[in-house]
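A closer look at the structure
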Amino acid sequence: DVLLGAFQDEMVSRRKFEVKNSKDKVVTTLYFKPITRYARVKAQQMANSDDALIISTQLLCQMAEKEDGTPAFDMSDAPMLQRQLPEKVLNEIELFLNDITLDIDTAKKE
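Residues numbered from 1 in each chain as written. Predicted model: local features only at pLDDT ≥ 70, side-chain atom pairs only at ≥ 80, totals over all residues. Heavy atoms only, no water.

1. Some remarks on the packing of aromatic side chains
For the structure on display, the rule yields two aromatic pairs. Ring centres of Phe 17 and Phe 96 lie 4.9 Å apart, and the angle between their planes is 45°; on these two criteria the pair is classed as tilted. Here Phe 17, found in strand S1 (residues 15-20), pairs with Phe 96, found in helix H6 (residues 87-97); they are 79 residues apart in sequence, far enough to count as distant. Under the relative-accessibility criterion, Phe 17 is labelled buried at 14%. Between Phe 32 and Phe 96 the ring centres are 6.0 Å apart and the planes differ by 55°, which places this aromatic pair in the tilted class. One end of the pair, Phe 32, is in strand S2 (residues 26-32); the other, Phe 96, is in helix H6, and 64 residues separate them in sequence. Within the aromatic cluster, the residues linked to one another by ring pairs are Phe 17, Phe 32 and Phe 96. One residue, Arg 15, lies across the ring of Phe 96, its end atom 4.1 Å from the ring centre. (Phe/Tyr/Trp six-rings, centres within 6.5 Å; stacked < 30°, edge-to-face > 60°. Helix = DSSP H or I, 4+ residues; strand = E, 2+ residues; numbered from the N terminus. Buried < 20%, exposed > 50% of the residue type's maximum accessible area, 1.4 Å probe, protein only. Lys NZ or Arg CZ within 6 Å of the ring centre and 35° of its normal.)

Right, dumping it as structure tokens:
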């Protein structure tokens, strides 16, 4: 109970991600609560695969919300997103979802 109480506020706070097109225009805004182990396991079960790329897009569909808190995607949208969006778009959203900051210039130098 102590642990659950200590992180209760964090579990309801959401982070905002603006999806922009190639002209830098915001096309939609997604909101994400923190990922839990339960959510990650559920995404893996739904993906029916151990492939990290398939699981991460399934997790995206599971976690992304609209501003009003309703799901931004249906769970069945994952394969369509993988087929019809440039990989860099999914990468940007999924890195944000996983709270990973990546500096491409630094990574290239290493």
